[in-house]
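Tertiary structure, described
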Amino acid sequence: MVKMKGWLGQMGFNKNGGNINWFPGHMDAANRAIRRRLKLSDFVIEVRDARIPLSSANEDLQSMLCEKRRVIALNKKDLANPNIMHLLDIVEFKLKEVITREPTLLVMVVGVPNVGKSALINSIHQIASSRFPGETIVFEKMKRATVGPLPGVTQDIVGYKIAHQPSIYVLDTPGVLVPSIPDIETGLKLALAGSIKDSVVGEDRIVQYLLAVLNTRGTPLHWRHLIGRETEGLHHELDDKPEYNLKDLLPKRRNPPNKFDIYYIEDMVSEVQRTLCTTLSEFNGNLEEEGELEILIDQQFEALQTALKIPYKASEGRMMVSKKFLTLFRTGKLGPFILDDVPDTSDSAS
């Protein structure tokens, strides 16, 4: 891929600041607490984001993790490559293997922010409920692991007893990152996946990076079949729609969307995909050149503002485009993606 450091700007992904000071004080304290408790743990589940299975590894903890019995669980696989084995099957297998030898088990769940550690703990309890009926602690009487779509929901190390005979205790830990992210692209991948708050990096920069990845991979060309074709079935024009908040797509929403909402989102996604495909197809520049790639991305921002019917002036419109586009990506509406360069993922960005 073309090197994007120049036009994205020098982002200081380091503990002591730079242009962006992203390493909050509570992470430093949490990092030390996690290291202390790791020594006491019998088993570790390291949760990573399946879209960035390499970039979402906490390198500072790897030396300690390698000395423990552990499972690396790739979470959010529905947003990445759908052929990844279901992580809960692996976790269940490993837990049963250890439980046969030890009557009491202390399991520690670690990972960078917003990879789904707390959600996984709630799923582990469901496994315990089904595999050890009658022996499982009534989890509903305890405080469930809190989950949310933004990083930093878990602030302290919290312990849960999820089963009795065998006794299984689980430690839910705050998401922590390394004090110095090794390179700008790793930092942008973490921001794109939601492990770094948008306000730290800026939605505009994050979307610039995402569009650069899509364009250089040729991903929008896979949506060529949408050009000139309206959504099949009942089709509603965006002009006729009431205003919707895309935050309703995030996991915290309790009520399922109705048919009207579904058609609205389908139309929006199709319009976004058609717009990106058309702008890339008609672009005659060299995508290997930073300046020309930047020109294409600027054109796409303008086209997306028109496609999404955002009636704001340039700066405000670009921000609104960024927020909506990020929501569509993070909720999987644009399709599954793997951003890291890993083996056998040549088709994962289509």
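Computed from a predicted model, the values in this text were never measured in an experiment.

The next thing to look at is the side chain of E46. Inspection of the secondary structure assignment puts E46 in strand 1 (residues 43-49). Judged by relative accessible area, which is 2%, E46 ranks as buried. Within the local environment of E46, its side chain forms a polar contact with the side chain of R48, the two groups lying 3.1 Å apart. Dropping the residues within four chain positions of it, E46 is found in contact with A57, N58, Q62, L65, R70, V71, I72, A73 and V110.

The next subject is the side chain of N75. Along the chain, N75 falls in strand 2 (residues 70-75). Owing to a relative accessible area of 16%, N75 belongs among the buried residues under this scheme. Among the polar contacts made by the side chain of N75, one reaches the main-chain carbonyl oxygen of V115 at a distance of 2.9 Å.

A few words on the confidence of the model for the protein. Low-pLDDT stretches of the model should not have their predicted coordinates read in fine detail. When pLDDT is averaged along the protein, the result is 76, and 67% of the positions lie at 70 or above. Mean pLDDT values over the elements of the protein span from 55, in helix 1 (residues 5-8), up to 94, in helix 8 (residues 203-217). Low pLDDT (under 50) marks residues 135-155, which in the prediction has 59 contacts with non-local residues, meaning those over four places away or in another chain. pLDDT under 50 marks residues 231-239. Its contacts with residues more than four places away, or in other chains, come to 18 contacts.

What follows covers the nonpolar core. Within the largest apolar cluster, 79 residues are counted, with the highest numbers of intra-cluster contacts made by L38, I45, L192, V272, L276, F325 and L334. Apart from residues no more than four positions distant in its own chain, V272 is found in contact with L304, L308, F325, L328 and L334.

Mapped onto the elements of the fold, T275 is located in helix 9 (residues 259-282). Accessibility expressed as a relative area gives 9% for T275, which makes it buried. On a C-alpha basis, the gap between T275 and A303 in space is 6.6 Å, while along the polypeptide they are 28 residues apart. When near neighbours in sequence (up to four residues on either side) are disregarded, T275 contacts A303, L304 and A307.

So, on to the packing of helix 6 (residues 184-192) against helix 8. Each packed pair of helices is defined by two parameters, the angle between the axes and the distance between the axes. Running from N to C, helix 6 and helix 8 cross one another at 105°; their axes reach a closest spacing of 10 Å. When the interaxial angle is binned, helix 6 and helix 8 end up roughly perpendicular. Contact with helix 6, carried on its side by E185, L188, K189, A191 and L192, involves R205, I206, Y209 and L210 of helix 8 and no other residues of that element. Taken together, the residues that form the contact of helix 6 with helix 8 break down as 6 nonpolar, no polar and 3 charged.

With that settled, the discussion passes to the pattern of salt bridges. When charged atoms on two side chains of opposite charge get close, those side chains can pair. Scanning the model with the defined rule gives 9 salt bridges in all. For D198, the salt bridge goes to R330, with nearest N and O atoms at 2.7 Å. With D198 in helix 7 (residues 198-201) and R330 in helix 11 (residues 314-330), this pair connects stretches of sequence that are 132 residues apart.

Now for the environment of D28. Relative to the helices and strands, D28 is located in helix 2 (residues 25-38). Look at D28 and you get partly exposed, because its relative accessible area is 24%. As for D28 and L177, which are separated by 149 residues in sequence, their C-alpha atoms are 9.1 Å apart.

In the contact formed by helix 8 and helix 11, the axes pass within 9 Å of each other and the chain directions differ by 60°. It follows from the interaxial angle that helix 8 and helix 11 lie oblique. Crossing geometry of helix 8 relative to helix 11 is assigned as left-handed. Across the interface between the two elements, E203, D204, I206, V207, Q208, L210, L211 and L214 of helix 8 pack against R318, M319, S322, K323, F325, L326, F329 and R330 of helix 11. For the contact of helix 8 with helix 11, a count of residues per class yields 9 nonpolar, 2 polar and 5 charged.

If you check helix 11, its first and last C-alpha atoms are 24 Å apart, about what 17 residues at 1.5 Å a residue would give, namely 24 Å. Within helix 11 the residues assigned to the buried category are G317, V321, S322, K324, F325, L326, T327, L328 and F329.

Criteria and cut-off values
- Residues numbered from 1 in each chain as written.
- Predicted model: local features only at pLDDT ≥ 70, side-chain atom pairs only at ≥ 80, totals over all residues.
- Heavy atoms only, no water.
- Helix = DSSP H or I, 4+ residues; strand = E, 2+ residues; numbered from the N terminus.
- Buried < 20%, exposed > 50% of the residue type's maximum accessible area, 1.4 Å probe, protein only.
- Polar contact = N/O pair within 3.5 Å; in protein donor to acceptor, adjacent residues only side chain to side chain.
- Contact = heavy atoms within 4.5 Å.
- pLDDT = per-residue confidence, 0-100.
- Core = buried A, V, L, I, M, F, W, Y, C linked by side-chain atoms within 4.5 Å.
- Axes fitted to C-alpha atoms, helices over the stretch in contact; angles between N-to-C directions.
- Parallel < 35°, antiparallel > 145°, perpendicular 65-115°, else oblique.
- Nonpolar A, V, L, I, M, F, W, Y, C, P; charged D, E, K, R; others polar.
- Salt bridge = Lys/Arg side-chain N within 4 Å of Asp/Glu carboxyl O.
- Left-handed = near helix turned anticlockwise from the far one by under 90°.
- Expected span 1.5 Å × (residues − 1).

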